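Report on the structure
What follows is the residue order along each chain.
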Amino acid sequence: MTSDFLSVALDATKSAEDIITSYYFNKTIQVDLKDDETPVTLADKEAEKAIRQTITQAFPDHGFLGEEYGIQEGTSPYMWIIDPIDATKNYIRKIPIFGTQIALMKGEELILGVSNAPLLNELLYAEKGNGAYFNGEQIKVSKVSQPDDAMICHGGLKWFTEKGFLPGICNLINDTARSRGFGDFYMYHLVASGRVDAVIEAAISIWDIAAITVIVREAGGQVTDIHGNAITKETSSLIATNGVLHQRILEYFDKD
């Protein structure tokens, strides 16, 4: 049974998808640079506005934390965390691996996540305690238990270098059966659905990973930062696994 929270989140996701795909296929994608030198498009901004508007109509007392428009405090314990287009650089270059991320946090606990990749036809969602779903079908993580049998994904290697994690990721890549750098949200779709066994990223923001944290956990996996700490709004690195491999992979970064 779909909760009111999830129903509204899915409606908001659809509103964003309509805007994002319209720009992608029918309009010129105008690109500006934010203060941190990362790109932003009108589609990012309009999609986040549409998401906030849809949610506010249903839950006017809820707060927001979005990549494009920052924090809007609410009067309830609930805060929605939004990345209207995760992988904006892919979007700009017409690479179809991009998606919308919407999560709901109650207090300091993530309780809902939606991750929508419209051009891949992948809609994943989960609520705490109710399992994870891929286009309406329940999903589970893999059961691979040994690194030398595992396929892993990782974020950009330059961030591992900058954060001092390069030896760990290189050793892990050498010890696993296969590795790929798909990047962004898509790696977590693969973990949650059992197609990949672990993901490691050295540099993230909470809006990048809030939704997929709920989805991977509800699919039976485990999510922490690269040191094994719990996920918070300040989390800046991530390891997501099928759970069985989690401690083994953390050990690669103990000495970094």
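For the structure itself, look to the data block above.
Overview of the structure. Everything numeric in this text was worked out from a predicted model, so none of it was measured.

Right, let's talk about the pattern of salt bridges for a bit. Side chains bearing opposite charge may pair, as long as their charged atoms lie close to each other. Enumeration according to the criterion identifies seven salt bridges in this entry. Across the pair Asp 18 and Lys 14 runs a salt bridge whose closest N-O atoms are separated by 2.6 Å. You can see Asp 18 and its partner Lys 14 sitting in helix 1 (residues 4-26), four residues apart, about one turn around the helix. Given a relative accessible area of 41%, Asp 18 falls into the partly exposed group. With a closest N to O distance of 3.3 Å, Lys 34 and Glu 68 form a salt bridge. Of this pair, Lys 34 sits in the loop between strand 1 (31-33) and strand 2 (39-41) while Glu 68 sits in the loop between strand 3 (63-66) and strand 4 (70-72), and the two are 34 residues apart along the sequence. Grouping residues by exposure puts Lys 34 and Glu 68 together as buried. Through salt bridges with shared partners, a single network forms among Lys 34, Glu 67 and Glu 68.

Along any regular strand, the residues point their side chains to alternate faces of the sheet. Burial of strand 11 (residues 151-154) is two-sided: the residues Met 151 and Cys 153 facing one way and the residues Ile 152 and His 154 facing the other way are all buried. The pairing of strand 11 with strand 12 (residues 178-180) spans three bridges and is parallel. Note on strand 12: the bridge partner recorded for Cys 153 is Arg 180. Where strand 11 lies against strand 13 (residues 198-201), three bridges are found, and the strand directions are parallel. In the strand pairing of strand 13, Cys 153 is matched with Val 199.

It is worth spelling out the sheet that holds strand 5 (residues 78-86) at this point. Whenever strands of a sheet pair, they do so through backbone hydrogen bonds, lying parallel or antiparallel. What the eight strands build is an open sheet, ordered 4-3-5-6-7-8-9-10; its pairing is mixed. Looking at the sheet topology across the chains shown, the edges are occupied by strand 4 and strand 10 (137-139). Ignoring strand direction, the axes of neighbouring strands in this sheet form an average angle of 20 degrees. Note that strand 3 and strand 5 share four bridges and pair parallel. What sits directly across from Phe 64, in strand 5, is Trp 80. Strand contacts of helix 1: strand 5, strand 6 (99-106), strand 7 (109-117) and strand 8 (122-127), with the helix running at about 35 degrees to strand 7, the strand carrying the most contacts.

In a regular helix each residue adds 1.5 Å, so 17 residues correspond to 24 Å; helix 2 (residues 42-58) covers 25 Å between its end C-alpha atoms and thus fits that length. All of the buried residues in helix 2 are Ala 43, Asp 44, Ala 47, Glu 48, Ala 50, Ile 51, Arg 52, Thr 54 and Ile 55. At the N-terminal end of helix 2, a side-chain oxygen is found 3.2 Å from the backbone nitrogen of Ala 43, two or three residues along, and the residue is Thr 41.

Further remarks concern the nonpolar core. Residues Ile 81, Leu 110, Tyr 188, Ile 209 and Leu 238 are the most contacted members of the largest nonpolar core, which totals 39 residues. The leading source of residues in this core is helix 7 (residues 206-218), at eight residues. The next biggest cluster of nonpolar side chains, apart from the first, holds 31 residues, and it includes Ala 9, Ile 20, Ile 51 and Tyr 125.

Turning next to the environment of Asp 61. Secondary-structure assignment places Asp 61 in the loop between helix 2 and strand 3. C-alpha of Asp 61 to C-alpha of Pro 77: the two residues are 16 residues apart in sequence and 8.9 Å apart in space. Apart from the residues lying within four places of it in its own chain, the contact partners of Asp 61 are Gly 74, Thr 75 and Ser 76.

Conventions used here
- Residues numbered from 1 in each chain as written.
- Predicted model: local features only at pLDDT ≥ 70, side-chain atom pairs only at ≥ 80, totals over all residues.
- Heavy atoms only, no water.
- Salt bridge = Lys/Arg side-chain N within 4 Å of Asp/Glu carboxyl O.
- Helix = DSSP H or I, 4+ residues; strand = E, 2+ residues; numbered from the N terminus.
- Buried < 20%, exposed > 50% of the residue type's maximum accessible area, 1.4 Å probe, protein only.
- Pairing = 2+ DSSP bridges.
- Axes fitted to C-alpha atoms, helices over the stretch in contact; angles between N-to-C directions.
- Contact = heavy atoms within 4.5 Å.
- Expected span 1.5 Å × (residues − 1).
- Polar contact = N/O pair within 3.5 Å; in protein donor to acceptor, adjacent residues only side chain to side chain.
- Core = buried A, V, L, I, M, F, W, Y, C linked by side-chain atoms within 4.5 Å.

Just geometry here; none of it tells us what the structure is for.
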